[in-house]
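Chain residues, written in single-letter form:
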Amino acid sequence: MIQIQNVNKRYRKEMVLNDVSLMINKGSIYGLLGSNGAGKTTLLKTIAGIFKQNSGAIEIERKAIFENISLKERLIFIPDTLFFYSHYTVEQMASFYENIYPKWNKERFNQMQKLLDLNPNKKIHRFSKGMQRQVAFWLALCAMPDYLILDEPFDGLDPVIRKKIKSWMIQDVAERQMTVMVSSHNLKEVEDICDAVGILHRGKLLLEKDLDDLKSDIHKVQLAFKQDVSEELFQDLQLLHHEKRGSVHICIVRGEYEGIEAKVSTYDPVVFDILPLTLEEIFIYEMEGAGYAIENILL
Ligand SMILES: Nc1ncnc2c1ncn2[C@@H]1O[C@H](COP(=O)(O)OP(=O)(O)OP(=O)(O)O)[C@@H](O)[C@H]1O
């Protein structure tokens with residue numbers, strides 16, 4: 001479990017993380033969303049123990065991560081800008097990892113080599129950008145980390161490799177309870193793999209929720225009535241958005257499916273559909289509700 005409590009981080013006088021608190025459960029995948037410059041990389045590097053926060057606490061398994069070598073041996077951070085020792089081959093980099101990470105799995109390294117089809121004796125800087133990213137995941141997953149912190153990890157990977165790497169990652173989460181935090185601008189990707197999501201905006205965490213709760217708590221409702229329905233119904237629903245297209249009311253309603261169905265049914269609608277929302281739609285309406293224009297927050 002990763003626990004972040006009231007974390008503040010400044011670069012000189014600029015406050016980059018402002019009282020951030022969140023929790024990531026063991027064996028789950030947490031998606032961190034946010035605009036450019038929101039503070040995602042800073043937060044991830046602070047969680048990885050690369051930066052130290054100015055105040056607040058960052059704990060993994062209830063121990064502070066900063067300068068904690070035994071925790072760091074179980075955590076891997078893949079940054080958005082990759083770093084490898086120049087002129088090292090994959091094999092040499094793997095030996096380096098083997099010395100640092102006690103749970104290094106040589107057998108897995110050999111198996112993944114066949115699946116990725118990369119030459120371990122080639123110097124890493126001679127690989128393409130996407131291939132270097134594959135190497136980063138290859139090495140990271142063979143170190144068998146309990147915590148994997150990823151900054152925009154899938155950029156530059158082709159769709160086949162992307163799928164392969166995600167499935168290895170998900171397998172590690174399911175089989176050995178690996179905990180993952182991943183920053184992304186891609187809502188679809190986050191929706192596919194994450195259990196919980198948080199949105200960071202100008203250093204503050206605007207929203208943090210379990211993805212299933214988020215989805216089961218907000219619906220798009222399409223309604224039409226024989227006669228004009230009284231305003232009472234709309235006052236009765238927790239509306240985040242309401243518009244009328246012809247005779248059809250399109251409402252974004254907070255609340256569980258059954259509760260909405262029960263309330264609307266009493267008004268005898270002739271058209272009545274309750275539809276789930278995509279993560280992108282949820283964020284648009286949640287953020288609107290919180291008074292933020294979504295285009296300022298996400299790409
Ligand atoms: N080393 C640094 N020194 C000073 N300021 C920095 C440094 N790194 C980042 N910042 C500032 O901190 C703020 C947050 O940057 P950060 O890289 O954490 O954002 P981000 O959410 O990861 O952005 P992006 O989506 O663009 O990668 C920005 O205003 C940035 O200019």
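None of these values were measured; they are calculated from a predicted model.

Enquirer: Any details on the overall build of the chain? Residues and values, ideally.
Expert: Tallying secondary structure elements over the chain gives 11 helices and 14 strands in all. The principal-axis extent of the C-alpha atoms belonging to the chain is close to 75 × 45 × 30 Å. Counting only residues that meet the buried cut, the chain has 32% of its 299 residues in that class. Counting contacts in the chain only where the partners sit at least 6 residues apart, residues at least 24 apart contribute 71% of the total.

Enquirer: So what's going on with the nonpolar core? Residues and values would help.
Expert: If you look at the biggest cluster of nonpolar residues, it comprises 69 residues, and the most contacted ones within it are Ile47, Ala140, Ile149, Val180 and Met181. Ranked by the residues each element gives to this core, the list is headed by helix H5 (residues 129-142), at nine residues. Of the domains in this structure, domain 1 (2-81 + 135-202) and domain 2 (214-290) are the two that each give at least three residues to this core. For Val180, the contacting residues outside a window of four places in its chain are Ile29, Tyr30, Leu148, Leu150, Met169 and Val173.

Enquirer: Lay out the domain arrangement of the chain in plain terms, naming residues and giving numbers.
Expert: Splitting the chain by domain gives domain 1 (2-81 + 135-202) and domain 2 (214-290). Relative to domain 2, the C-alpha centre of domain 1 lies at a distance of 35 Å.

Enquirer: Which residues make up helix H6 (residues 159-176), and what are the values?
Expert: Look at H6: 25 Å from first C-alpha to last across 18 residues, which is about the 26 Å you get at 1.5 Å a residue. Just downstream of H6, Gln177 is the residue with a positive phi angle, here 60°.

Enquirer: So, the sheet that holds strand S6 (residues 75-78): which residues are in play, and what are the values?
Expert: Pairing is mixed in the open sheet, where six strands are placed in the order S6-S7-S8-S3-S9-S10. The sheet terminates laterally at S6 and strand S10 (204-210), the two strands that pair on one side only. Across the sheet, the mean angle separating the axes of adjacent strands is 15° when strand polarity is ignored. Note that strand S3 (residues 29-34) and strand S9 (residues 196-201) share five bridges and pair parallel.

Enquirer: Can you break down the environment of Lys106 residue by residue, with the values?
Expert: You can see Lys106 is positioned in helix H4 (residues 106-116). Residue classification places Lys106 among the exposed residues on the basis of 10 C-beta atoms within 10 Å. Separated by 12 residues in the primary sequence, Lys106 and Ala94 have C-alpha atoms spaced 8.8 Å apart.

Enquirer: Quick rundown of the UniProt feature "domain: ABC transporter" (unreviewed entry) in the chain? Include the residues and the values.
Expert: In the numbering adopted here, UniProt assigns the feature "domain: ABC transporter" (unreviewed entry) to residues 2-227. Annotated as 35% helix and 31% strand, the span residues 2-227 places its first and last C-alpha atoms 54 Å apart.

Enquirer: Give a detailed account of the sheet that holds strand S2 (residues 14-24), specifying residues and quantitative values.
Expert: Pairing in this open sheet of four strands is antiparallel, and the strands run S2-S1-S4-S5 from one edge to the other. Edge positions in the sheet fall to S2 and strand S5 (63-64), since each has one partner strand and no second. Relative to strand S4 (residues 55-60), strand S1 (residues 2-11) runs antiparallel, the two being bridged by five bridges. Within S4, the position partnered with Ile2 by the bridge is Ile60. Strands S1, S2 and S4 of the sheet are contacted by helix H1 (residues 40-47), whose axis makes an angle of about 120° with S1.

Analysis parameters
Residues numbered from 1 in each chain as written. Predicted model: local features only at pLDDT ≥ 70, side-chain atom pairs only at ≥ 80, totals over all residues. Helix = DSSP H or I, 4+ residues; strand = E, 2+ residues; numbered from the N terminus. Buried ≥ 20, exposed ≤ 12 C-beta atoms within 10 Å, placed from the backbone. Contact = placed C-beta atoms within 7 Å. Core = buried A, V, L, I, M, F, W, Y, C linked by C-beta atoms within 7 Å. Domains from an automatic or database assignment. Expected span 1.5 Å × (residues − 1). Pairing = 2+ DSSP bridges. Axes fitted to C-alpha atoms, helices over the stretch in contact; angles between N-to-C directions. UniProt positions renumbered as here; feature names shortened; annotations may be inferred.

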